[in-house]
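# A structural walkthrough
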Amino acid sequence: MKKIILTILSFLFLSQTCQAFYLQNPIDNIKTRIEIKKLSKEINKNTENADLFFKRGKKYWSINKINNANIDFYTAYEIKPDFYEAYFYRANVYYFNKEYGWAFEILTDLIKKNPKYKNAYELRANIYNEIHDFENQIKDINKILELDKNDFYYYSIRGLCYQELGNYEQAIKDYKKFFENSNNYHNKNYILFIKEQLDK
């Protein structure tokens, strides 16, 4: 079950956020490097432009230049402390590098600065899932649903967490809540998987 939840959450995260961060084909890679050079020239002219550092950081990440991306995201929010997206992207760098401690620290700091930044809770919930801390994962999912009650997918994820903890009554409630809205969900295989959990 734990492996299944990990797979589901990983798919959700990759499909809803940070979709640009895959290794590119050679032609796109060359184009990206050219764009990075252009951004670097602009940065040399304006070293206090947080947006330029952020844009270059995303370009670096798209060609797997992890350390460069990390530095640029950090620089972006050092210049502009309320650049919450830069915090989030830097946390992603650590998350995808499986450095969960650093990612967790950045996300927690981001949540303190902006308690309504939903993506931060989503990624932190993934980290809790990676370390099998389902109780704290549920807390972050509760916050996600508080911020967006229509994100019904998370009812199913929370149901899986409750099931893992042996709280089957609550798991069933969440699965049913998910099914109330499942007509709007495109992944039919996932719907069938949740139905199997409900029928157990």
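Here the structure is a predicted model, which means the values were calculated and not measured.

Calculation rules
Residues numbered from 1 in each chain as written. Predicted model: local features only at pLDDT ≥ 70, side-chain atom pairs only at ≥ 80, totals over all residues. Heavy atoms only, no water. Helix = DSSP H or I, 4+ residues; strand = E, 2+ residues; numbered from the N terminus. Buried < 20%, exposed > 50% of the residue type's maximum accessible area, 1.4 Å probe, protein only. Contact = heavy atoms within 4.5 Å. Areas by Shrake-Rupley, 256 points an atom, 1.4 Å probe, with all protein chains shown as cover. Phe/Tyr/Trp six-rings, centres within 6.5 Å; stacked < 30°, edge-to-face > 60°. Expected span 1.5 Å × (residues − 1). Salt bridge = Lys/Arg side-chain N within 4 Å of Asp/Glu carboxyl O. Polar contact = N/O pair within 3.5 Å; in protein donor to acceptor, adjacent residues only side chain to side chain. Axes fitted to C-alpha atoms, helices over the stretch in contact; angles between N-to-C directions. Left-handed = near helix turned anticlockwise from the far one by under 90°. Nonpolar A, V, L, I, M, F, W, Y, C, P; charged D, E, K, R; others polar.

Time to look at the overall build of the chain. Counting its regular elements, the chain contains eleven helices and zero strands. Secondary structure elements in the chain, listed N-terminal to C-terminal, are α-α-α-α-α-α-α-α-α-α-α. Sorting the 200 residues of the chain into buried and exposed places 48% on the buried side. When contacts within the chain are restricted to residue pairs at least 6 apart in sequence, long-range pairs at least 24 apart make up 52% of them. For the chain, the accessible surface area stands at approximately 11100 Å², while carbon and sulfur atoms represent 49% of it.

The next subject is unusual backbone geometry. Its identity is not glycine, yet N64 carries a phi of approximately 70°, on the positive side. Looking at the element boundaries, N64 is found in the loop between helix 3 (50-62) and helix 4 (66-79). You can call N64 partly exposed: its relative accessible area is 45%. Positive phi, close to 60°, is recorded for K98, a residue that is not glycine.

When you line up the elements, G57 lands in helix 3. The spatial distance from the C-alpha of G57 to the C-alpha of I71 is 7.6 Å, given a sequence separation of 14 residues. Setting aside chain neighbours within four positions, we find G57 in contact with A69, D72 and F73.

Turning next to the packing of aromatic side chains. Applying the stated criterion across every chain, the model contains 17 aromatic pairs. The interplanar angle of 70° and the centroid separation of 5.0 Å between the aromatic rings of F54 and Y89 together place this pair among those described as edge-to-face. Here Y89 lies in helix 5 (residues 84-96) and F54 lies in helix 3, a separation of 35 residues in the sequence. Pair check on accessibility: F54 and Y89 agree, each one buried.

What follows concerns helix 4. Along an α-helix, residues three or four positions apart point the same way, because every turn accommodates 3.6 residues. Over its 14 residues, helix 4 runs 20 Å from end to end, which matches the ideal 20 Å to within 8%, given 1.5 Å per residue. Restricting attention to buried positions, one finds in helix 4 the residues I66, A69, N70, D72, F73, T75, A76 and Y77. For helix 4, the secondary structure elements touched by its buried residues are helix 3 and helix 5.

Our next topic: the pattern of salt bridges. Under the criterion given, the structure shown has nine salt bridges. For R56, the salt bridge goes to D72, with nearest N and O atoms at 2.7 Å. Residue R56 is located in helix 3, and its partner D72 is located in helix 4; the two are separated by 16 residues in the primary sequence. Owing to a relative accessible area of 13%, R56 belongs among the buried residues under this scheme.

Quick look at helix 6 (residues 100-113) now. With 14 residues, helix 6 should reach 20 Å at 1.5 Å per residue; the first-to-last C-alpha distance of 20 Å fits that figure. Of the positions making up helix 6, those classed as buried are Y100, A103, I106, L107, T108, L110 and I111. Along its buried surface, helix 6 packs onto helix 5 and helix 7 (118-130).

It is worth spelling out the environment of K59 at this point. For K59, the location among the structural elements is in helix 3. Accessibility expressed as a relative area gives 28% for K59, which makes it partly exposed. K59 sits 24 residues away from E35 along the chain, and the two C-alpha atoms are 7.8 Å apart. Here the side chain of K59 touches E35 through a polar contact of 2.7 Å, side chain to side chain.

As a further point, take the packing of helix 6 against helix 7. The contact between helix 6 and helix 7 brings their axes to 10 Å, and the two run at 145°. Seen from above, helix 6 lies across helix 7 with left-handed handedness. Of the residues in helix 7, those in contact with Y100, A103, F104, L107, T108, L110 and I111 of helix 6 are A120, Y121, L123, R124, I127, Y128 and E130. For the contact of helix 6 with helix 7, a count of residues per class yields eleven nonpolar, one polar and two charged.

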